[in-house]
Amino acid sequence: MSGDFVHLHLHSEYSLLDGACRLERVLAAAAEGKMPALALTDHGVMYGVADFYKLAGRYGVKPILGCEVYVARRSRFDRQGQQEESPYHLVLLAENQQGYQNLLRLVSRAYLEGFYYKPRVDKELLAAHAAGLVALSGCLAGEGPVLFLRGQEEKAMEALAWYRDVFGPDNFYLELQDHGLEEQKRANRFLAEAARRLALPLVATNDVHYLRREDAGLHDVLLCIQTGKTLEDTKRLEFPTQEFYFKTGEEMAALFRELPQAISNTRAIAERCQVELPFGRLHLPHYPVPDGQTPESYLRQLCHAGLSAKGLER
């Protein structure tokens, strides 16, 4: 049963002051649970990808390289009030080398062009760099669930249809989660209906932020450090349950017993994702040079011009 489920939504220590999963420990847990693969989807960053990839090989677990990106409500260039304009969440997984390169571009531009409290992409960037990516609709902060829970069901359906059209119906999955929250149960019923109406597949995930259930308190401390609060503050940010841990395949299958396809789709996605990171080789950029020049001759010309401009050339 464990081999039928793969965690595709996981936050490691590289989701700074939010994820409490140490890479080596979580990979060891995946190997012990006989999970064939594991995804890394840190919030807005890919700092941990290289270490994750190397460690996964040691544990015999296939690494799936991803990111939970923040999607600006309008343009990535907008700078509005943080509270009213919290970005949507979207999980992106690299299916192939092209997808990995596109994911790197998205995350880089999210910082260079879209940073406002958080690194943000927008729909323009997603449409330009969707090739080679598998997208999951996200947690309760995903665009579909947010709009639905606000009572805007048709707008939510339209938003999901946009992601389907951009990524393709075989590359966009509606993400079901169950951490014991009533809002999730309502969102899951909507997503199941959306899957039927939009002809989209479902996938089950657990929004993993810590390894064991008993680590919830440790994660709580991280959130306090992040927000500058103390554990005694009753109005601080905290997770509502202790279900955001690295659940076994059996636990996930039990949660979604009525939707077994959502469980088996996790493995189907994992089998699709084939990305290799070649280490030990130089990856120098291609630099265009004028016609009739080689890189060496053009560099020599630039050096001579620079020396001449400084009066140093003899």
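Look above for the structure.
These numbers come from a predicted model, not from an experiment.

**Student:** I tried to follow the overall build of the chain on my own but got confused; where do I start?
**Tutor:** Tallying secondary structure elements over the chain gives 11 helices and seven strands in all. C-alpha extents for the chain along the principal axes are approximately 80 × 45 × 45 Å. Counting only residues that meet the buried cut, the chain has 48% of its 314 residues in that class. A separation threshold of at least 6 residues defines the contact pool for the chain, and within that pool the share at least 24 residues apart is 77%. Only carbon and sulfur atoms are counted for the fraction: they give 52% of the accessible area of the chain, which is about 15900 Å². The average position of the 36 basic charges and that of the 42 acidic charges among the side chains of the chain differ by 3 Å.

**Student:** Just to check I follow, could you spell out the pairing of strand β6 (residues 172–176) for this structure?
**Tutor:** The two faces of a sheet get side chains in turn, since along a regular strand they alternate between them. For β6, the buried fraction is high: five of the five residues fall into the buried class. What you see with β6 is no split at all: Phe-172, Leu-174 and Leu-176 on one side and Tyr-173 and Glu-175 on the other are buried throughout. Relative to β6, strand β5 (residues 133–136) runs parallel, the two being bridged by two bridges. Residue pairing in the sheet places Ala-135 in a bridge with Phe-172 of β6. What joins β6 to strand β7 (residues 202–204) is helix α7 (residues 182–198), and the crossover it makes is right-handed.

**Student:** Can you help me understand empty space enclosed by the protein in this one?
**Tutor:** To find leftover empty space, one rolls a probe the size of a water molecule over the atoms. Going through the model one piece at a time under the given rule, you end up with two cavities of 30 Å³ or more. The computed volume of the largest cavity comes to approximately 70 Å³. What lines the largest cavity is a set of 10 residues, and nearest its centre among them are Arg-73, Arg-74, Asp-78, Glu-85 and Arg-120. Considered class by class, the residues forming the lining of the largest cavity number two nonpolar, three polar and five charged. As a volume, the second largest cavity reaches approximately 50 Å³. Residue contributions to the lining of the second largest cavity peak at four residues, all from α7. Here the residues of the lining of the second largest cavity are counted per class, giving five nonpolar, four polar and one charged.

**Student:** Explanation requested: the packing of helix α1 (residues 23–32) against helix α2 (residues 49–59) in the structure shown.
**Tutor:** Relative placement of two packed helices is described by the angle separating their axes and the distance separating the axes. Taken N-terminus to C-terminus, the directions of α1 and α2 make an angle of 35°; their axes are 10 Å apart at the nearest point. For α1 against α2, the interelement crossing comes out right-handed. Residue-level contacts link Leu-23, Glu-24, Leu-27, Ala-28 and Ala-31 of α1 to Asp-51, Phe-52, Leu-55, Ala-56 and Tyr-59 of α2. In terms of residue class, the contact of α1 with α2 is built from eight nonpolar, no polar and two charged.

**Student:** What's the story with the nonpolar core in this structure? I'm lost.
**Tutor:** Within soluble globular proteins, side chains that are nonpolar tend to cluster in buried spots. If you look at the biggest cluster of nonpolar residues, it comprises 66 residues, and the most contacted ones within it are Leu-90, Leu-92 and Phe-167. Element by element, the count of residues in this core is highest for helix α6 (residues 153–167), at seven residues. In this structure, Val-6, Leu-8, Ala-39 and Cys-273 belong to the second largest nonpolar core, which totals 14 residues.

**Student:** Would you take a moment to explain a nonpolar patch on the surface for this structure?
**Tutor:** Among the surface-exposed residues, Leu-16, Leu-17, Val-221, Ile-225 and Leu-231 lie close enough to one another that they form a single nonpolar patch of about 450 Å² accessible area. Relative to the elements of secondary structure, Val-221 occurs in helix α8 (residues 216–227).

**Student:** Just checking my understanding: could you explain the environment of Ala-253 for this structure?
**Tutor:** Of note, Ala-253 is situated in helix α9 (residues 249–255). Remark: the alpha-carbon pair of Ala-253 and Asn-206, spanning 47 residues in sequence, is separated by 11 Å.

**Student:** What exactly am I supposed to notice about the layout of surface pockets here?
**Tutor:** Approximately 1300 Å³ is the volume attributed to the largest pocket. Every residue lining the largest pocket is counted, 43 residues in all, and those nearest its centre are His-43, His-89, Lys-118, Ala-141 and Leu-237. Listed by contribution, the elements that provide at least two residues to the lining of the largest pocket are β2 (62–71), β3 (88–94), α7 and α8. The class makeup of the residues in the lining of the largest pocket is 22 nonpolar, 11 polar and 10 charged.

About the thresholds
- Residues numbered from 1 in each chain as written.
- Predicted model: local features only at pLDDT ≥ 70, side-chain atom pairs only at ≥ 80, totals over all residues.
- Heavy atoms only, no water.
- Helix = DSSP H or I, 4+ residues; strand = E, 2+ residues; numbered from the N terminus.
- Buried < 20%, exposed > 50% of the residue type's maximum accessible area, 1.4 Å probe, protein only.
- Contact = heavy atoms within 4.5 Å.
- Areas by Shrake-Rupley, 256 points an atom, 1.4 Å probe, with all protein chains shown as cover.
- Lys, Arg positive; Asp, Glu negative; His and termini not counted.
- Charge placed at Lys NZ, Arg CZ, Asp CG, Glu CD.
- Pairing = 2+ DSSP bridges.
- Right-handed = clockwise from strand over helix to strand, strands pointing away.
- 1 Å grid on protein atoms, 1.4 Å probe; cavity = no way out; pocket = protein on both sides within 12 Å on 5 of 7 lines; lining within 4 Å.
- Points joined across faces, edges and corners; volume = space filled by probe spheres on them.
- Nonpolar A, V, L, I, M, F, W, Y, C, P; charged D, E, K, R; others polar.
- Axes fitted to C-alpha atoms, helices over the stretch in contact; angles between N-to-C directions.
- Left-handed = near helix turned anticlockwise from the far one by under 90°.
- Core = buried A, V, L, I, M, F, W, Y, C linked by side-chain atoms within 4.5 Å.
- Patch = residues over 30% accessible without salt bridge, like charges linked within 9 Å, V, L, I, M, F, W, Y side chains within 5 Å.
- Salt bridge = Lys/Arg side-chain N within 4 Å of Asp/Glu carboxyl O.

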